[in-house]
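Structure assessment
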Amino acid sequence: MAKQTVSIIGAGLGGLALGRCLRQRGIAAVLYERTSSAAQHNYGITLYASAYAPLLKTLNVSENAFKHRVAVDAAIGGTGSINHTISGVVRGKADEGEDCFQANRGKLENWLREGLDIRWEHTLQDVEPSPSVEGQPTVRFDNGQKFQTNVLVGADGTHSVLRRSLVPQSELTVLPFVAFNGKRRIGRVVFEDTIQCHLQKSNVISFTRGDIRIKLSIDNYADDKVSASWTYSRPSSGASDPLYKPERTPSGATQIPDELFEELASLLHLGLPEPLDRILDEKEVRNDRLLHWLMRTTLVPKEKLHDLTHGGILLIGDAVHAEPIVGGNGANAAILDAVSLAEQIAEAQETGKHSLSSWIDKRYDDWQHGIQSAKANIEAMHKSHNAKM
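Tallying secondary structure elements over the protein gives 15 helices and 17 strands in all. Relative to the globule expectation of 21 Å for 389 residues, the C-alpha radius of gyration of the protein, 21 Å, shows essentially globular dimensions. Each principal axis of the C-alpha atoms in the protein carries an extent, and together these give about 65 × 45 × 40 Å. Taking all contacts inside the protein whose residues are at least 6 apart in sequence as the whole, residues at least 24 apart take part in 72%. Working note: accessible area of the protein is about 17200 Å², and carbon and sulfur atoms make up 46% of it. Where the 43 positive side-chain charges of the protein centre and where its 47 negative ones centre are 2 Å apart.

Below, the discussion takes up the side chain of E33. Structurally, E33 is set in the loop between β2 (29-32) and β3 (44-48). Buried charge E33 goes without a salt bridge, the closest partner of opposite sign being R34 at 4.7 Å. Within the structure, E33 has its side chain in polar contact with the side chain of T35 (distance 3.1 Å). Here E33 is in contact with G10, A11, G12, I118, R119, W120, E121 and H122, once residues within four sequence places are set aside.

A separate point is the sheet that holds strand β12 (residues 204-209). In space, the 5 strands of this open sheet follow the order β12-β13-β14-β11-β15, with antiparallel pairing throughout. Each of the sheet's edge strands pairs with one partner strand only, and the pair in question is β12 and β15 (289-293). Strand-to-strand, the axes of this sheet are offset by a mean angle of 15°, without reference to chain direction. Here 5 bridges tie strand β11 (residues 177-187) to β15, and the two strands are oriented antiparallel to one another. In the strand pairing of β15, A179 is matched with W293.

Cis geometry is adopted by the peptide bond preceding P275, which originates at E274 and carries an omega value of 5°. Along the chain, P275 falls in the loop between α9 (258-270) and α10 (276-279). Positive phi, normally seen in glycine, also occurs at N60, with a value near 60°. Inspection of the secondary structure puts N60 in the loop between α2 (49-59) and α3 (63-70). Phi angles above zero are rare outside glycine, and E121 is one such case at about 55°. Mapping E121 onto the fold places it in the loop between β5 (117-119) and β6 (124-128). Taking the relative accessible area as the measure of exposure, E121 reaches 53% and is therefore exposed.

Calculation notes
- Residues numbered from 1 in each chain as written.
- Predicted model: local features only at pLDDT ≥ 70, side-chain atom pairs only at ≥ 80, totals over all residues.
- Heavy atoms only, no water.
- Helix = DSSP H or I, 4+ residues; strand = E, 2+ residues; numbered from the N terminus.
- Rg over C-alpha atoms; globule rule 2.2 N^0.38 Å.
- Contact = heavy atoms within 4.5 Å.
- Areas by Shrake-Rupley, 256 points an atom, 1.4 Å probe, with all protein chains shown as cover.
- Lys, Arg positive; Asp, Glu negative; His and termini not counted.
- Charge placed at Lys NZ, Arg CZ, Asp CG, Glu CD.
- Buried < 20%, exposed > 50% of the residue type's maximum accessible area, 1.4 Å probe, protein only.
- Salt bridge = Lys/Arg side-chain N within 4 Å of Asp/Glu carboxyl O.
- Polar contact = N/O pair within 3.5 Å; in protein donor to acceptor, adjacent residues only side chain to side chain.
- Pairing = 2+ DSSP bridges.
- Axes fitted to C-alpha atoms, helices over the stretch in contact; angles between N-to-C directions.

Note that all results are geometric; they support no functional claim without further evidence.
Structure (structure tokens):
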């Protein structure tokens with residue numbers, strides 16, 4: 001096979017990881033991103049050793065250097081420690097006892113972005129798959145740019161334009177759970193006086209009451225502020241639930257019903273442990289950056305993915321196997337996709353064999369298991385046996 005050109009749609013976590021892994025293997029890739037600049041993802045994500053260890057091995061980076069670069073508490077010399085005895089992290093059975101840490105997504109993406117060729121302000125318009133095996137798909141953007149590429153990878157997330165264009169029947173399923181997220185910047189003095197003592201050297205605290213789950217995560221440390229996030233989630237009570245809006249548009253994520261504040265006030269009245277009572281105080285919550293999350297999943301049928309690879313097109317991460325934000329491991333799965341796909345592309349280039357279709361077979365069972373585990377996790381987190389999925 002002649003030296004391949006690889007084009008990646010989306011400069012999120014999966015796309016960046018793929019770009020870096022390809023670059024490490026001497027394969028040039030260009031990333032096309034619809035936004036005008038890098039997103040400021042200043043929040044924490046849990047990374048598991050099963051995902052970051054293969055990435056670090058591929059990039060020849062030590063775990064210690066990696067954690068001190070991307071951990072949420074790296075600024076104060078931390079390594080993103082999570083104390084499971086107080087955090088109540090729920091994971092799949094295969095993950096029991098696995099090392100993990102809390103990384104700042106923005107720091108992680110900044111690190112992965114180094115040395116990559118990223119073309120900003122490129123919104124995908126349409127794609128024409130190659131009519132023949134080992135042909136080149138044609139890519140068009142709304143700025144008028146058009147080109148052909150040997151390999152086209154869709155890493156454009158849950159709302160993937162590439163997936164919706166080529167596999168419109170693969171719709172997103174919304175799980176019957178309510179979830180709201182708040183982001184807050186807290187003065188260092190206040191944080192140290194009222195919150196830090198409750199963390200017990202962890203960067204995550206979780207609390208459950210009945211089928212309600214509250215999670216507090218440290219996102220980042222700055223000189224005078226600490227960034228933190230909280231998540232409030234529970235099973236939906238049905239179609240009449242004022243906080244369950246599965247049909248809302250993406251732009252509706254910032255429209256927060258007053259019933260949320262009423263529900264949080266009722267919870268506070270019953271009593272919450274410190275520091276969650278401070279975090280969910282109504283006056284503070286109303287000043288937070290609030291988002292209404294939907295727990296979405298999807299999995300593109302294997303046979304359709306095989307058809308796409310014959311035309312030189314692949315999907316990775318949430319674009320092909322979206323997991324819910326709560327209970328899922330989407331970031332870790334996207335990293336594993338990137339590492340393994342880079343290896344497969346390099347092998348195809350070295351051997352001269354068009355073996356991209358076999359990559360789907362290698363990964364598909366893991367994608368199915370990931371979605372099933374995420375559904376089981378979200379039920380277990382909320383002690384929910386009544387939510388029908």
